Every structure is written in structure tokens, then in C-alpha cells.
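Fold and geometry: a report
What follows is the residue order along each chain.
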Amino acid sequence: MPEPVQLRSDLPADDRLIVAIDLPNALEGLHLAETLGDAVSFYKIGLGMLTGGGLALANELKQDHGKRIFLDMKLFDIGATVENAVRGLAQFDLDFLTVHGDPHVVRAAREGAAGKPMKILAVTVLTSLDRADLDASLIAPGDIPDIVATRAARALEAGADGVIASPQEAAMIRALPEAAGKLIVTPGVRPAGAALGDQKRVATPAQALSDGADHIVVGRPVWAADDPRAATQAILNDIA
């Protein structure tokens, strides 16, 4: 069996890997980032940490540590509210922001981000949902991949810079004419043998990238590991 590839501190981190800091507060998030050090250059901070100092952590990682930041807010509201919220968040010089993929939401978010480099990513169907969940929510009938493709195409037509979709739909979205030059970011990524947790539509890191994803998002398999840096290295080895 070949020896594992070792991380080198003189090489830039692979920003295709986004580590999700799904922790209770900013202090724990900062500790994780310090533990991972130069192995990770891109972090996702979600809604769960918003009241625990999430925005402050995003600013500190961006401004003081030179990290890229994906703010995962999944905004959804009337157009004017979304536009104002995005305009406020765009001041923080963050890299990615999520909104729900409904065209009116995407268009409002584009207006709010006008003139700023922050990318607007549209959520298609959450990777924690299956067809039974969509039925319970009265979502239109049909196979999830078809619904994801339709939502992705409409969001991209409305001006999204990219979409959030499960790795199982990455190849199909990449093949859409509307996806040319756009980003595909895939949560629901699990290293081989890792527990699925609350995710239902998953793939390994290497498979997700092979199928057309630009970035993969991995959270629990890193921050819940006994050795988060070793877990990160295993993922980087897989995608190398």
C-alpha cells in the first residue's frame, strides 16, 4: 500500500475543501481553525453559529488569518428584505453567501451584492432531504434530481453565481447550459466509512469533485474527529 501523502506547509492549501465550522460559538470555531492551521484555507460559517459570534469569527478569519469565508445563511424572504440583508452582509468582504434558489430571492440578492465580489450561491434542495420530506412539505412531485436540475437552471438564469447541491446531482447540473462558468458547491460529502449523520444524498470528496463540483463542504467528519488535522489530511489525500 502506498504511503499517505504528507501536507507541506510551503504549499498553498487546496481551497476546493471548505470546512464547515458547525460549532456552538466563535471561540470553539477559532480553536478549530488554529488546530487546522495552514491545512485549510476556506471555512463555512452557518446560521447555527450566528448568535454565537459567527459574524465576528468570519471577520477574524478573513481579516486576521487570510482565510476565505462562506457564510451559509440560506436567506429567504420578500425581495426587499433579502436585498437589504445581502447589502449589509456584503460589506464584510466575504466570499460566498447562500440564499434559497427561488428566482425572486436570487434577483434580490444580486441587487444587494451589486459592486461587491461576494458570490451568491443558490440552494436547490437541501442534502438532508429525501422524497418523503418533499412530500411532507407539499413540494411538487417528481424525482429529486429533476427538481434540483430545474431549480438550479432557474436560479442561474436569475443571476446566481453558482448553486448548492448534493454531490449526487453535481454531474447533472454541470451539464446544464446555464451552468457554464458557474460554481457548484456540494455539502453532504463524507469520506469513505464516515457516518452519514443527518445527510441523505452523499458521496466521497473525490467523487463529488470528479462529478463537477468546484468545492466540497465537510463538517462533522473534521470537527468531530479525535484528530481534526489528521482527518483533514485524509480528505486532502483523497482529492489530491
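Summary of the structure given here. (Residues numbered from 1 in each chain as written. Predicted model: local features only at pLDDT ≥ 70, side-chain atom pairs only at ≥ 80, totals over all residues. Heavy atoms only, no water.)

Scanning the entire structure with this criterion turns up two aromatic pairs. On the numbers, 5.1 Å between centres and 50 degrees between planes, the contact of Phe42 with Phe96 is tilted. With a gap of 54 residues between them, Phe42 in strand 2 (residues 42–46) and Phe96 in strand 4 (residues 96–100) connect regions that are remote in the sequence. Each of the two residues, Phe42 as well as Phe96, counts as buried. (Phe/Tyr/Trp six-rings, centres within 6.5 Å; stacked < 30°, edge-to-face > 60°. Helix = DSSP H or I, 4+ residues; strand = E, 2+ residues; numbered from the N terminus. Buried < 20%, exposed > 50% of the residue type's maximum accessible area, 1.4 Å probe, protein only.)

Moving on to the packing of helix 1 (residues 26–36) against helix 10 (residues 228–239). Here helix 1 crosses helix 10 at 60 degrees, and the two axes come no closer than 8 Å. Accordingly, the angle class assigned to the pair helix 1 and helix 10 is oblique. For the pair helix 1 and helix 10, the crossing hand works out as right-handed. Contact residues: helix 1 offers Leu32, Thr35 and Leu36, while helix 10 offers Pro228, Arg229 and Thr232. Split by residue class, the contact of helix 1 with helix 10 holds three nonpolar, two polar and one charged. (Axes fitted to C-alpha atoms, helices over the stretch in contact; angles between N-to-C directions. Parallel < 35°, antiparallel > 145°, perpendicular 65-115°, else oblique. Left-handed = near helix turned anticlockwise from the far one by under 90°. Contact = heavy atoms within 4.5 Å. Nonpolar A, V, L, I, M, F, W, Y, C, P; charged D, E, K, R; others polar.)

Structurally, Leu156 is set in helix 6 (residues 144–157). We classify Leu156 as buried; its relative accessible area is 6%. Along the chain, Leu156 and Ile216 lie 60 residues apart, while their C-alpha atoms are 19 Å from each other. Aside from chain neighbours lying at most four places away, what touches Leu156 is Gly162, Val163, Glu178, Ala179 and Lys182.

This paragraph deals with the pairing of strand 1 (residues 17–20). Burial of strand 1 is two-sided: the residues Leu17 and Val19 facing one way and the residues Ile18 and Ala20 facing the other way are all buried. Note that strand 1 and strand 8 (residues 215–218) share three bridges and pair parallel. The residue of strand 8 that forms the bridge with Ile18 is Val217. Where strand 1 and strand 2 come together, two bridges link them in parallel fashion. Within strand 2, the position partnered with Val19 by the bridge is Tyr43. In this fold, the crossover linking strand 1 to strand 2 by way of helix 1 has right-handed handedness. (Pairing = 2+ DSSP bridges. Right-handed = clockwise from strand over helix to strand, strands pointing away.)

Next up on the list: the pattern of salt bridges. Taken as a whole and assessed by the stated rule, the structure comprises 12 salt bridges. A salt bridge links Asp15 to Arg68; the nearest nitrogen and oxygen atoms lie 2.7 Å apart. In this pair, Asp15 is assigned in the segment before strand 1 and Arg68 in strand 3 (residues 68–75), connecting sequence segments 53 residues apart. Asp15 sits in the partly exposed class, given a relative accessible area of 27%. On the accessibility criterion, Arg68 (27% relative accessible area) is partly exposed. Note that Arg131 and Asp135 form a salt bridge whose closest N and O atoms lie 2.9 Å from each other. (Salt bridge = Lys/Arg side-chain N within 4 Å of Asp/Glu carboxyl O.)

All right, on to the sheet that holds strand 7 (residues 183–186) then. With parallel pairing, the eight strands of this closed barrel are ordered in space as 1-2-3-4-5-6-7-8. Sheet twist, expressed as the mean angle between neighbouring strand axes with direction ignored, is 25 degrees. Against the sheet, helix 2 (residues 54–63) engages strand 2 and strand 3, with an angle of about 170 degrees to strand 2. Most of the contacts of helix 3 (residues 79–90) go to strand 3, to which it runs at about 165 degrees, and overall it touches strand 3, strand 4 and strand 5 (119–123).

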